[in-house]
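Spelled out from the first residue to the last, the chains are:
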Amino acid sequence: MRRWFLLAAVALTAVAVPALVLAADGTTQTVSDGGYSFVNFQLGDLPSEECPDPNSPCNNQASEPQIRADNFGNFFASSENGLSGGTEAWKSVDGGRHYVHLPSPNILSNAANRNVSPAGGDTDLATATVKNSFGIYNVYVASLELANIDVSTSLDGGHTWKLNPTSASSPGDDREWIAADGRNKVCISYHDGPQNIPVNCSYDAGTTFTQLGLAIDAGHAYAIGDNLIGNLAIDQNSNTTDTSRNGDIVYQIFSAIGSAPEAACVNLGTCGNHQVLMGVSTDGGRNFVDHTVYLNPDITVNYGHQFPNVSVDQAGNVYAFFSDDHYVYYKYSTDHGVTWQPGGPNGAPIRISRAPANTAIMPWSVAGAPGKVDLVYYGSPYYGPEHPDNYPASAAWYAFFDQNLNAISNPGAWSQVRATPIIHYGGVCESGVACSGNRDLYDDFGVAARPTTGLASIVYSDDQRDQYNQRVTNPSHPTRCATDAQNNTRSCDHTSIATQTAGPGIFGNGTGGGGGGGGGGDCGGEDKHAESDALVALNALRTANGAAPLTADSKATDAAKKHD
């Protein structure tokens with residue numbers, strides 16, 4: 001069992017509340033804070049449902065979401081219904097201002113409004129970096145099932161999916177992550193039974209996973225069984241002359257105990273995962289060498305909150321983020337993860353979160369142009385020595401958005417704003433299936449940035465009724481979240497979006513878009529038309545083979561044109 005590192009409580013001062021604007025149709029909320037603006041709305045789970053829409057229910061029951069952007073500038077998001085309940089998926093073609101509900105990547109049937117799927121546990125996404133033979137970037141969705149890891153592949157922008165239900169080569173798997181590179185390479189990492197971290201890679205777009213590496217090297221074998229896995233990332237600009245991507249650089253972040261003798265004190269609850277490590281493979285994921293990002297001399301600290309996160313920018317700079325259950329910290333590497341700044345393995349990390357995010361957990365990042373990084377985390381103005389699971393009912397939580405446009409040359413220059421209205425009150429349990437308290441925020445959420453504008457879209461969990469469209473009933477779950485008394489309960493839990501409409505972006509010159517929302521004239525410009533041309537070619541092939549043409553995205557495309 002774990003012992004949480006306790007800090008002295010601090011007195012709180014009054015916190016300014018960001019501007020909140022409710023749309024006239026009651027379907028969106030715009031949060032403006034510190035020169036940034038985000039439009040917030042709930043996603044829908046009806047077939048091809050587009051949200052926001054005042055004439056559509058636009059609600060769902062899914063949680064623990066993730067998000068990615070492809071090189072066309074499309075956003076893809078996924079979220080979970082729970083084991084055997086399957087995965088929900090959505091797509092935006094207009095910079096995150098509208099999302100269309102896609103066919104599920106892994107639901108096999110839906111009888112009497114009850115999903116049947118082998119999957120529905122943890123989810124993650126990835127997108128290819130090179131177009132497939134249809135002129136589209138592959139999309140991959142990973143989801144946990146009881147017996148294995150499901151990886152679903154879409155060759156047509158999320159219209160249809162091919163499911164591989166046996167992607168993991170090691171048994172007893174848990175908490176998978178996924179990353180992609182090139183045309184057909186996709187890799188997953190996960191915990192196996194002994195709590196090692198296998199990395200399986202496929203070179204045929206997820207059909208088979210024939211390559212196995214282990215992210216914990218022999219020199220750190222003491223960490224097997226005493227570690228917390230973070231996400232998997234690939235430097236998509238490394239060794240690009242190899243089109244098969246056999247030699248790209250793969251990164252696996254994790255936190256762990258600091259030495260072999262500490263295995264005993266973990267069992268006693270007197271020490272934690274106070275070391276952050278980066279597994280680095282320079283041969284495409286076959287072999288890993290672990291480098292210490294930071295080793296905190298206080299062995300009671302635990303960087304398992306939740307989860308440690310890695311991202312890579314276009315120049316190959318690597319960024320590591322981790323939380324000690326109260327603050328979010330950061331270190332960076334300019335030599336492919338070998339040495340970490342500031343100060344090497346013993347140098348104190350840079351603390352990013354600050355008031356009004358007096359408590360900050362569950363960091364997730366996305367890196368763009370060299371030195372440009374977006375970071376999100378759940379934060380609360382409340383601060384106390386207790387674990388967040390035991391926070392009082394008055395503790396309000398938001399999704400915070402931090403940004404650094406010079407993360408290498410000026411690593412302390414992080415902006416910090418709130419991107420959402422209040423999404424939860426009270427305690428937040430981070431113990432996974434072992435939770436005894438409120439788990440409505442689950443274990444992670446995500447942010448992605450649109451390559452065509454640099455602006456971000458955040459997908460997050462929310463258990464507040466204020467984002468439900470109360471005027472339209474969803475026949476699939478009409479009684480959910482019926483009153484404010486159900487706030488902060490599973491009845492109101494759902495997946496929502498916060499899309500950046502003002503403030504800097506992290507691609508190109510970093511200026512992003514103004515108040516137009518999602519990049520102005522570039523929103524859905526030539527990249528949208530490029531995908532449209534690719535779909536024409538794909539439909540010609542489908543017609544030649546007797547298959548029906550794909551039309552599920554027409555509504556989203558029309559909406560994008562209408563709102564441009």
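Above this note sits the structure.
Residues numbered from 1 in each chain as written. Predicted model: local features only at pLDDT ≥ 70, side-chain atom pairs only at ≥ 80, totals over all residues. Heavy atoms only, no water.

Colleague: I'd love a proper account of the state of the cysteines, names of residues and values included.
Modeller: Within the structure shown, the criterion is met by three disulfides. The residue that forms a disulfide with Cys187 is Cys201, at a sulfur-sulfur distance of 2.1 Å. Residues Cys187 and Cys201 are joined by a disulfide whose S-S torsion is about 105 degrees; by sign, that bridge is right-handed. With Cys187 in strand 16 (residues 185–191) and Cys201 in strand 17 (residues 198–202), this pair connects stretches of sequence that are 14 residues apart. Each member of the pair, Cys187 as well as Cys201, is classed as buried. Between the sulfur atoms of Cys265 and its disulfide mate Cys271 the distance is 1.9 Å. An S-S torsion of about 95 degrees defines the bridge between Cys265 and Cys271 as right-handed. Each member of the pair, Cys265 as well as Cys271, is classed as buried. (Disulfide = S-S within 2.5 Å. Helix = DSSP H or I, 4+ residues; strand = E, 2+ residues; numbered from the N terminus. Buried < 20%, exposed > 50% of the residue type's maximum accessible area, 1.4 Å probe, protein only.)

Colleague: So, the sheet that holds strand 21 (residues 275–281): which residues are in play, and what are the values?
Modeller: In spatial order, the strands read 19-20-21-22; together these four strands make up an open sheet with antiparallel pairing. The strands lining the two open edges of the sheet, one partner per strand, are strand 19 (227–235) and strand 22 (289–295). When strand polarity is set aside, the average angle formed by the axes of neighbouring strands in this sheet is 20 degrees. With six bridges connecting them, strand 21 and strand 22 associate as antiparallel partners. Directly across from Val276, in strand 22, lies its bridge partner Tyr294. (Pairing = 2+ DSSP bridges. Axes fitted to C-alpha atoms, helices over the stretch in contact; angles between N-to-C directions.)

Colleague: With reference to specific residues and values, describe unusual backbone geometry.
Modeller: Cis geometry is adopted by the peptide bond preceding Pro342, which originates at Gln341 and carries an omega value of 0 degrees. As for its position among the elements, Pro342 is in the loop between strand 25 (328–333) and strand 26 (350–351). The residue after Ala355, namely Pro356, is reached through a cis peptide bond having omega 10 degrees. Here Pro356 shows up in the loop between strand 26 and strand 27 (359–367). Here Ser48, not a glycine, exhibits a phi torsion of approximately 55 degrees, which is positive. Considering the arrangement of structural elements, one finds Ser48 in the loop between strand 3 (36–42) and strand 4 (50–51). For His336, which is not glycine, the phi torsion reads 60 degrees and is therefore positive.

Colleague: Can you explain the sheet that holds strand 17? Please cite residues and give values.
Modeller: In spatial order, the strands read 15-16-17-18; together these four strands make up an open sheet with antiparallel pairing. In the strand order of this sheet, the two ends are held by strand 15 (174–181) and strand 18 (211–214), each with one partner. Averaged over all pairs of adjacent strands, the angle between their axes in this sheet comes to 20 degrees, without regard to strand direction.

Function-wise, these values are silent; they only describe arrangement.
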